[in-house]
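Analysis of the macromolecular model
Chain by chain, the residues run as shown.
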Amino acid sequence: MAWHVRQARASDMASIAEITNAHILDGVAHFGDRPGSAETWRADWQASRARYPWYVAEEDGIVLGFAYAKRFNPRAAYDWTAEVTVYLRDDASGRGVGSALYQRLLATLDAQGYRCLVSGITTPNEASVRLHEKSGFRFLGTLERVGYKQGRWLDVGSWQRHVGPRDDSPPGPILPVEEIDPPAM
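Throughout what follows, the structure given in this document is the object of discussion. Each chain carries its own residue numbering, running from 1 in the direction its sequence is written. Restriction of local features to residues with pLDDT of at least 70 applies here, the model being predicted, together with a cutoff of 80 or more for giving and counting side-chain atom pairs; totals for whole chains, interfaces and linings are based on all residues. Remark: hydrogens and water are excluded; side-chain values derive from all non-hydrogen atoms of the structure.

1. Regarding the nonpolar core
We define a nonpolar core as any set of buried Ala, Val, Leu, Ile, Met, Phe, Trp, Tyr and Cys residues linked to one another through side-chain atoms lying within 4.5 Å. Each residue gets one of three labels from its accessible area relative to the maximum for its type: buried under 20%, exposed over 50%, partly exposed in between, using a 1.4 Å probe on protein chains only. Of all hydrophobic cores here, the largest spans 29 residues; its most connected members are Val84, Val97, Leu101, Tyr102, Leu105, Leu109 and Leu117. Counting from the N terminus, the helices are the DSSP runs of H or I reaching at least four residues and the strands are the DSSP runs of E reaching at least two. The set of elements that each furnish at least two residues to this core consists of β2 (54-59), β3 (62-71), β4 (81-88), α3 (97-112), β5 (116-123) and α4 (126-134). Counting residues in hydrophobic clusters, the runner-up holds 14 residues, among them Met13, Trp41, Trp45 and Val56.

Shown next, in the form of structure tokens:
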């Protein structure tokens with residue numbers, strides 16, 4: 001394996017935009033309808049990176065893919081729940097990149113104190129379903145015909161992964177990413 005996973009940096013946002021834009025323009029995994037800019041991604045990363053981890057897989061200076069978490073819902077009761085996602089370049093599929101990204105992302109979220117992780121998968125998408133199942137997510141159900149893209153209606157499967165105790169104990173505070181996974185110098 002010549003590639004490695006590391007925390008995302010501001011300089012990665014152009015690559016993240018490029019990867020995402022390919023999914024927006026040519027695929028159905030992302031429901032966006034127009035390309036996003038590196039500046040928009042940089043602003044999102046800057047605003048959320050203290051609480052939500054962002055990782056990239058890199059090989060010889062090329063970003064192969066990225067995974068990140070974000071707020072699931074702005075209401076306070078959802079503070080211990082995060083939404084997770086991963087996107088890869090087409091030429092990175094089937095190389096274990098998505099698994100490595102999710103492994104690092106989920107380990108950080110678990111250590112931070114999150115109790116529930118959720119993800120939506122445009123279906124069918126066997127590779128993403130396998131990745132989520134391998135990562136401990138379970139299928140909850142399908143939202144049918146919720147997105148219209150590329151001339152067809154699309155379904156989205158809902159996936160969930162619980163972390164920590166499944167009891168009524170009060171959750172502790174979510175720890176900052178830097179406390180769990182300090183950035184490399």
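2. Here's the deal with the sheet that holds strand β6 (residues 138-149)
The mixed open sheet is built from seven strands, whose spatial order is β1-β2-β3-β4-β5-β7-β6. Only two strands of the sheet have a single neighbouring strand rather than two, namely β1 (4-7) and β6. Adjacent strand axes in the sheet meet at a mean angle of 25° when their direction is disregarded. By the bridge criterion, four bridges tie β1 to β2 in an arrangement that is antiparallel. Residue pairing in the sheet places Arg6 in a bridge with Val56 of β2. Strands pair, by our definition, only if DSSP identifies at least two bridges between them. Every axis in this analysis is a line fitted to C-alpha atoms, fitted for helices over the stretch in contact. Angles between the N-to-C directions lie between 0 and 180 degrees.

3. Describing the environment of Ala57
Residue placement: Ala57 occurs in strand β2. Along the primary structure Ala57 and Ala17 are separated by 40 residues, whereas in three dimensions their C-alpha atoms are 14 Å apart. When neighbours within four sequence positions are excluded, Ala57 is seen to be in contact with Trp3, His4, Val5, Ile62, Val63, Leu64, Gly65, Val97 and Leu101. Note on contacts: a residue pair is in contact if any heavy atoms of the two residues lie within 4.5 Å.

4. Notes on the packing of α3 against α4
A pair of packed helices is captured by two measures, namely the crossing angle of their axes and the spacing between those axes. For the pair α3 and α4, interaxial distance at closest approach is 10 Å and the crossing angle is 35°. In this structure, α3 meets α4 at a crossing whose hand is right-handed. In contact with Gly98, Ser99 and Tyr102 of α3, α4 contributes Leu131, His132 and Lys134. By the convention adopted, Pro, Cys, Tyr, Trp, Phe, Met, Ile, Leu, Val and Ala count as nonpolar, Lys, Arg, Asp and Glu as charged, and the other residues, Gly among them, as polar. For the contact of α3 with α4, the residue count by class is two nonpolar, three polar and one charged. Crossing handedness follows the turn of the near helix against the far one: under a right angle anticlockwise gives a left-handed crossing, and clockwise gives a right-handed one.

5. So, the environment of Gly98
For Gly98, the location among the structural elements is in helix α3. For the pair Gly98 and Leu131, spaced 33 residues apart in the sequence, the C-alpha separation amounts to 7.3 Å. Not counting chain neighbours up to four residues away, the residues in contact with Gly98 comprise Val86, Leu88 and Leu131.

6. Concerning the side chain of His132
As for its position among the elements, His132 is in helix α4. With residues near it in sequence (within four places) discarded, His132 still touches Tyr102, Ser119, Ile121, Phe137 and Trp159.

7. Some words on the layout of surface pockets
Grid points spaced at 1 Å over the protein atoms alone were grouped into cavities, where a 1.4 Å probe fits but cannot get out, and pockets, open sets with protein on both sides within 12 Å along at least five of seven lines, with lining residues defined by an atom within 4 Å of a point. Grid points are joined across faces, edges and corners, and a volume is the space filled by probe spheres set on the points. Approximately 1200 Å³ is the volume attributed to the largest pocket. Of the residues in the lining of the largest pocket, the class split is 22 nonpolar, 20 polar and eight charged. Looking at the second largest pocket, its volume works out to about 340 Å³. Surrounding the second largest pocket, 16 residues form its lining, Gln7, Ala8, Arg49, Asp181 and Pro183 being those nearest its centre. Listing elements by their share of the lining of the second largest pocket, those giving two or more residues are β1 and α5 (177-180).

8. Notes on the packing of aromatic side chains
Ring pairs are drawn from Phe, Tyr and Trp, using the six-membered ring of Trp, whenever the two centres fall within 6.5 Å, and their geometry is named by plane angle: stacked under 30 degrees, edge-to-face over 60, tilted for the rest. Going through the model one piece at a time under the given rule, you end up with 11 aromatic pairs. Here the aromatic rings of Trp41 and Tyr68 are separated by 5.8 Å at their centres, their planes lie at 90°, and the arrangement is edge-to-face. With a gap of 27 residues between them, Trp41 in helix α2 (residues 38-48) and Tyr68 in strand β3 connect regions that are remote in the sequence. Pairing Tyr102 with Phe137 gives two aromatic rings, centres 6.1 Å apart and planes at 25°, and the pair type is stacked. Within this pair, whereas Tyr102 is found in helix α3, its partner Phe137 is found in the loop between α4 and β6, the two being separated by 35 residues in sequence. When its relative accessible area of 5% is taken as the criterion, Phe137 is described as buried.

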